[in-house]
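Topology and contacts: notes
Single-letter residue listing:
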Amino acid sequence: MNFNDNPFMQEIVDEFCSETSGLLDTLEISLNLIEEDTSNLKELEKFGQVIDRIMGAAKYIGATEMATFCELGKAIGYKSSQINEKALIEIVVAVLFDAIELLRKMNSFLKAGDDKSMSKLNNKAFLTRLNWLCEKFKDIERSSCTITDDVTLNQKSIDELMKSLGL
Amino acid sequence: MAIKADIKILVVDDMTTMRKIIKNMLTQTGFTNISEADDGATAWPLIQGAIKEGTPFEFIVSDWNMPQMSGLDLLKNIRSTPGLEKLPFLMITAEAEQGNVVIAVKAGVSNFIVKPFSAQVLKEKIDKIFN
């Protein structure tokens, strides 16, 4: 992505990359803690919360692949925090470590404006793995920081719902 | 009803980039008096302090998912404080789950907006809240 003609957007992307880099460090620390103690499910929940921050901003700046990775990572983090199955958690942690590594690469390519290297990343294969893992948790209800996991709505549906609630 | 450009706004989000984006959108929309906080836990004392100083915030734009105090808890604190029952509160979230919308509405949210959104959508939401 090149924003030479939009200095504000370039500033936003630079800030996003720098902030994301720090958050990826935080995510890695969480994964190390979970790897040491697979019963540390609070840390998995924290993982979901931190990766959610990157997701929101990534969507804004049009870093769609990063946002998708984060979305899946978030769902896996929250859902796996509700199980206590050592073998599965170990797989989760391994896949999430790989996801963080790929996110780091994407982040550095984004920072450098290196679209060519970005397109060479084998993201699709890894996304399939993430989706596969997410699918393993399909029966687990909560996929987010919030209380319930009902039907996911788009803005239009939300507006309709708000309207139906008299707002 | 026209909204004053200098209406006192507080933007609450734990991601610096997001705060900057939202502030920029609000500025584009014409607002000039925008403060920010990085969590519900830091926003709440700011809101209370502003009341004590006699210059209360007139509009809160807050993310839902934050580590110390969520947007929902911030909203609940605000609504349970005398004088703030009607303070306009726009909840921003990356998540759009029906249950959450209902919970936020029950807690007294003024409106709800899903990431990513444009300055135009933000303006429409603000118009809806204030008109």
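Structural data are supplied above this passage.
The sections below set out a description of the structure shown in this document. (Residues numbered from 1 in each chain as written. Chains lettered and ligands numbered in written order. Predicted model: local features only at pLDDT ≥ 70, side-chain atom pairs only at ≥ 80, totals over all residues.)

Turning our eyes to something else, we now look at the overall build of chain A. A tally of helices and strands in chain A yields 7 helices and 0 strands. Ordered by position in the sequence, the α and β elements of chain A form the string α-α-α-α-α-α-α. Burial analysis of chain A (167 residues in total) assigns 37% to the buried set. Taking all contacts inside chain A whose residues are at least 6 apart in sequence as the whole, residues at least 24 apart take part in 68%. (Helix = DSSP H or I, 4+ residues; strand = E, 2+ residues; numbered from the N terminus. Buried ≥ 20, exposed ≤ 12 C-beta atoms within 10 Å, placed from the backbone. Contact = placed C-beta atoms within 7 Å.)

Ala58 of chain A together with Leu10 and Met91 of chain B are the most contacted members of the largest nonpolar core, which totals 71 residues. Sequence-distant contacts of leucine 10 of chain B, defined by excluding residues within four places in its chain, comprise Ser35, Ala37, Ala43, Leu46, Ile47, Phe57 and Ile60 of chain B. (Core = buried A, V, L, I, M, F, W, Y, C linked by C-beta atoms within 7 Å.)

Residues and elements named next belong to chain A. At a minimum axis distance of 8 Å, the contact between helix 2 (residues 41–61) and helix 3 (residues 64–80) shows a crossing angle of 160 degrees. In terms of orientation, helix 2 and helix 3 fall into the roughly antiparallel class. Seen from above, helix 2 lies across helix 3 with left-handed handedness. Of helix 3, the residues touching helix 2 (which contributes Leu44, Glu45, Phe47, Gly48, Ile51, Asp52, Ile54, Met55, Ala58 and Lys59) are Met66, Ala67, Cys70, Glu71, Gly73, Lys74, Gly77, Tyr78 and Ser80. Considering only residue class, the contact of helix 2 with helix 3 consists of 10 nonpolar, 4 polar and 5 charged. (Axes fitted to C-alpha atoms, helices over the stretch in contact; angles between N-to-C directions. Parallel < 35°, antiparallel > 145°, perpendicular 65-115°, else oblique. Left-handed = near helix turned anticlockwise from the far one by under 90°. Nonpolar A, V, L, I, M, F, W, Y, C, P; charged D, E, K, R; others polar.)

Residues and elements named next belong to chain B. Within strand 3 (residues 59–63), 5 of the 5 residues are buried, which leaves it mostly tucked inside the rest of the structure. The side-chain alternation of strand 3 yields two buried faces, one formed by Phe59, Val61 and Asp63 and the other by Ile60 and Ser62. With 4 bridges connecting them, strand 1 (residues 9–12) and strand 3 associate as parallel partners. When the sheet's bridge partners are listed, isoleucine 9 is paired in strand 3 with phenylalanine 59. Two elements, strand 3 and strand 4 (residues 89–93), share 4 bridges in a ladder whose sense is parallel. The partner of valine 61 across the bridge, within strand 4, is leucine 90. Taking the sense of rotation as the criterion, the β-α-β connection linking strand 3, helix 3 (residues 71–79) and strand 4 turns out right-handed. (Pairing = 2+ DSSP bridges. Right-handed = clockwise from strand over helix to strand, strands pointing away.)

In this section: the packing of helix 1 (residues 7–36) of chain A against helix 2 of chain A. Residue and element names in this part refer to chain A. Interhelical geometry of helix 1 versus helix 2 gives an angle of 165 degrees and a closest axis separation of 9 Å. Here helix 1 is positioned roughly antiparallel relative to helix 2, judged by the angle of their axes. In this structure, helix 1 crosses over helix 2, and the sense of that crossing is left-handed. On helix 2, the residues touching Ile12, Val13, Phe16, Thr20, Leu23, Thr26, Leu27, Ser30, Leu31, Leu33 and Ile34 of helix 1 are Glu43, Leu44, Lys46, Phe47, Val50, Ile51, Arg53, Ile54, Ala57 and Ile61. Taken together, the residues that form the contact of helix 1 with helix 2 break down as 15 nonpolar, 3 polar and 3 charged.

Turning next to helix 3 of chain B. Those residues of helix 3 of chain B lying buried are Gly71, Leu72, Leu74, Leu75 and Ile78 of chain B. Along the long axis of helix 3 of chain B, the arc covered by the buried residues comes to 160 degrees, so they all point the same way. (Arc of directions from axis to C-beta.)

All names here are of chain B. Residues Asn111 and Ile113 line one face of strand 5 (residues 111–114) and the alternating positions Phe112 and Val114 line the opposite face, and both faces are buried. As paired strands, strand 4 and strand 5 are joined by 4 bridges and run parallel to one another. Across the sheet, the residue bridging to isoleucine 92 is isoleucine 113, located in strand 5.

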